[in-house]
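# Descriptive structure summary
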Amino acid sequence: MHKETFRPYAAPAYSPAESAARAADLYAYMDTRRSVREYSDRPVSREIIENLIKTASSAPSGAHKQPWTFCAVSSPEIKAEIREAAEKEEYENYHGRMSDDWLEDLKPFGTDWKKEFLTVAPWLIIVFKKAYDVDENGERSKNYYVNESVGLAAGFLLAAIHNAGLVSLTHTPSPMNFLQKVLDRPANERPFLLIPVGYPAEDAQVPVLQRKGLEDMAVFY
Ligand code: IYR
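Before going into details, it helps to say that this report is about the structure given with it. (Residues numbered from 1 in each chain as written. Predicted model: local features only at pLDDT ≥ 70, side-chain atom pairs only at ≥ 80, totals over all residues. Heavy atoms only, no water.)

## Some points on the overall build of the chain
- Assigned secondary structure in the chain consists of 8 helices and 6 strands.
- Reading the chain from its N end, one meets helices and strands in the order α-α-β-α-α-α-β-β-β-α-β-α-β-α.
- The dimensions of the chain, computed from C-alpha atoms along their principal axes, are 55 × 50 × 40 Å.
- Counting all 221 residues of the chain, 33% fall into the buried class.
- Of the contacts formed within the chain by residues at least 6 apart in sequence, a portion of 79% connects residues at least 24 apart.
- Of the roughly 14600 Å² of accessible surface on the chain, a fraction of 53% belongs to carbon and sulfur atoms.
- Averaging the locations of the 26 positively and 32 negatively charged side chains of the chain gives two centres separated by 4 Å. (Helix = DSSP H or I, 4+ residues; strand = E, 2+ residues; numbered from the N terminus. Buried < 20%, exposed > 50% of the residue type's maximum accessible area, 1.4 Å probe, protein only. Contact = heavy atoms within 4.5 Å. Areas by Shrake-Rupley, 256 points an atom, 1.4 Å probe, with all protein chains shown as cover. Lys, Arg positive; Asp, Glu negative; His and termini not counted. Charge placed at Lys NZ, Arg CZ, Asp CG, Glu CD.)

## Points about the packing of aromatic side chains
- Evaluated as defined, the whole model comprises 3 aromatic pairs.
- Their ring planes at 50 degrees and their centres at 6.4 Å tell us that Trp68 and Phe70 sit as a pair that is tilted. One exposure class covers both Trp68 and Phe70, and it is buried.
- Ring plane angle 80 degrees and centroid distance 5.2 Å describe the contact between Tyr91 and Trp113, whose orientation is recorded as edge-to-face. Placement of the pair is Tyr91 in helix H3 (residues 76-97) and Trp113 in the loop between helix H4 (100-106) and helix H5 (117-120), with a sequence separation of 22 residues.
- For Trp113, a relative accessible area of 27% puts it in the partly exposed group.
- One residue, Arg42, lies across the ring of Tyr199, its end atom 3.7 Å from the ring centre. (Phe/Tyr/Trp six-rings, centres within 6.5 Å; stacked < 30°, edge-to-face > 60°. Lys NZ or Arg CZ within 6 Å of the ring centre and 35° of its normal.)

Shown next, in the form of structure tokens:
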């Protein structure tokens with residue numbers, strides 16, 4: 001039977017007390033993460049963005065295919081192009097394409113079709129999922145659990161952004177196929193999420209919200 005080469009693996013050796021403290025500390029920190037829609041234009045170095053993306057790409061994926069591409073955009077011209085196309089779609093969404101229930105559910109967040117953050121934030125990271133891979137000879141190969149894999153990588157990315165003291169937003173302009181065109185991506189790549197990254201504007205505000213308690217989102221057996 002063919003078997004990949006294996007090597008020993010040892011998890012970091014924390015005592016139970018250290019594990020408990022680390023779990024509590026990370027929860028306390030992650031609980032301060034918020035989606036932010038108002039950004040400062042303060043720059044963020046490319047080196048930081050590279051490390052955030054490498055952290056995202058450390059996520060597990062089906063058969064370790066890593067079926068993702070992260071496009072990091074700092075070019076003002078490309079950001080403007082993305083904003084124009086996104087706002088065009090969002091205008092239609094907010095003026096007829098979204099149901100009344102949906103618009104009602106979004107009221108607490110104060111969103112509308114205008115997406116200033118797309119040109120103000122220093123970076124936009126557009127996450128693409130790769131439905132399949134194509135090798136040098138044009139041969140296609142299948143990827144597995146693509147949505148699950150790319151969702152996990154995006155989660156790692158948001159955690160890494162927060163860990164760096166930066167803010168983000170999981171933005172889903174809809175439909176978002178214009179991103180494939182603007183960024184000139186190949187046919188096997190489909191846009192998955194658009195994530196602005198940067199510092200919050202000085203007067204940035206976030207809606208007051210409560211997170212579910214354990215009793216409402218976990219069951220122990
Ligand atoms: N894509 C739109 C609408 C929107 C939908 C959901 I669900 C949100 O949580 C937030 C926004 C927009 O970006 O405005």
